[in-house]
Amino acid sequence: MNQDANGANPLQIRVAFASSDMKRIDQHFGAAEAFVVYHIDAQDHRILEVIQFARLEMDGNEDKLAAKIAALAGCDLVYCEAVGASAVSQLRAQGIQPIKVAPGSSVSRIIRDLRGELQDGPTGWLARAIANRTPGCDRRFDLMEAEGWSE
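Let me begin by describing the structure that accompanies this report. These numbers were taken from a predicted model, which means no experiment stands behind them.

**Observations concerning the pattern of salt bridges**
Summed over the entire model, instances satisfying the criterion amount to three salt bridges. Across the pair Glu49 and Arg14 runs a salt bridge, and its minimum N-O distance is 2.7 Å. Of this pair, Glu49 sits in strand E4 (residues 45–52) while Arg14 sits in strand E1 (residues 12–18), and the two are 35 residues apart along the sequence. When its relative accessible area of 23% is taken as the criterion, Arg14 is described as partly exposed. In this structure, the salt-bridge partner of Asp26 is Arg24, at a minimum N-O distance of 3.5 Å. For Asp26, a relative accessible area of 18% translates into the label buried. You can call Arg24 partly exposed: its relative accessible area is 37%. Beyond isolated ion pairs, a larger network of salt bridges with shared partners links Asp21, Arg24 and Asp26.

**Digging into the nonpolar core**
Counting 20 residues, the largest nonpolar core has Ile13, Val15, Phe17, Ile40, Leu77, Tyr79 and Leu114 as its most contacted members. Contributing elements (two or more residues each) for this core: E1, strand E3 (34–41), strand E5 (77–80), helix H3 (107–120) and helix H4 (124–131). Sorting elements by how many residues they give to this core places H3 first, with five residues. Beyond its immediate sequence surroundings of up to four residues, Ile13 is in contact with Tyr38, His39, Ile40, Asp76, Leu77, Leu114, Leu118, Leu126, Ile130 and Arg133. The next biggest cluster of nonpolar side chains, apart from the first, holds 16 residues, and it includes Phe35, Ile69, Cys75 and Cys80.

**Considering the packing of H3 against H4**
Two numbers describe how H3 lies on H4: the axes approach to 11 Å, and their chain directions differ by 75 degrees. By the angle between their axes, H3 is roughly perpendicular relative to H4. Residues Leu114, Glu117 and Leu118 of H3 lie in contact with H4, whose contacting residues are Trp125, Leu126 and Ile130. Residues belonging to the contact of H3 with H4 are distributed by class as follows: five nonpolar, no polar and one charged.

**Some remarks on the sheet that holds E4**
Taken together, five strands build an open sheet; the order of strands is E4-E3-E1-E5-E6 and the sheet is mixed. Of all the strands in the sheet, the pair left with one neighbour each is E4 and strand E6 (97–100). With strand direction ignored, the average angle separating the axes of adjacent strands in the sheet is 25 degrees. Where E3 lies against E4, seven bridges are found, and the strand directions are antiparallel. Paired with Phe35 across the two strands is Ile51, which belongs to E4.

**Section: the pairing of E5**
Residues Leu77 and Tyr79 point to one face of E5 and Val78 and Cys80 to the other, with burial holding for every one of them. In this sheet, E5 lies alongside E1 in parallel orientation, the contact comprising three bridges. In the strand pairing of E5, Ala16 is matched with Val78. Across four bridges, the pairing between E5 and E6 is parallel. The residue of E6 that forms the bridge with Leu77 is Gln97. This β-α-β element, E5 to helix H2 (residues 85–93) to E6, shows right-handed connectivity.

Cut-off values and rules
- Residues numbered from 1 in each chain as written.
- Predicted model: local features only at pLDDT ≥ 70, side-chain atom pairs only at ≥ 80, totals over all residues.
- Heavy atoms only, no water.
- Salt bridge = Lys/Arg side-chain N within 4 Å of Asp/Glu carboxyl O.
- Helix = DSSP H or I, 4+ residues; strand = E, 2+ residues; numbered from the N terminus.
- Buried < 20%, exposed > 50% of the residue type's maximum accessible area, 1.4 Å probe, protein only.
- Core = buried A, V, L, I, M, F, W, Y, C linked by side-chain atoms within 4.5 Å.
- Contact = heavy atoms within 4.5 Å.
- Axes fitted to C-alpha atoms, helices over the stretch in contact; angles between N-to-C directions.
- Parallel < 35°, antiparallel > 145°, perpendicular 65-115°, else oblique.
- Nonpolar A, V, L, I, M, F, W, Y, C, P; charged D, E, K, R; others polar.
- Pairing = 2+ DSSP bridges.
- Right-handed = clockwise from strand over helix to strand, strands pointing away.

Structural data, given as structure tokens:
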């Protein structure tokens with residue numbers, strides 16, 4: 001089993017879904033009343049927690065974003081049916097990749113797809129999300145080369 005420098009399996013992810021019923025992605029990030037958070041790896045998945053918020057209107061009040069983003073700390077990805085530019089920026093700054101999907105997308109289907117990609121070896125945005133957990137680790141060799149290091 002592959003492990004990173006901290007002894008953790010890097011091919012596991014923590015994913016949140018903006019969902020009112022834990023089955024479908026049916027909420028806008030900023031107005032989401034609930035997120036279901038899963039641990040997903042190539043062999044298995046499990047619910048870690050359900051985070052609930054009071055009903056909020058889509059009023060442009062950015063204060064509501066801070067609580068949601070803080071609640072998702074440690075997540076690699078968040079799936080929602082819509083997400084505003086400010087939320088995207090704030091999520092990415094915290095190392096969370098927002099993913100916009102069609103309203104009503106199936107949580108279980110996305111989990112299956114993610115597990116398949118983890119089995120095959122993540123590519124594209126999923127590989128970047130995993131790599132972003134340890135900022136700078138992928139750049140260390142570039143930095144060493146720029147400093148003139150050689151074997």
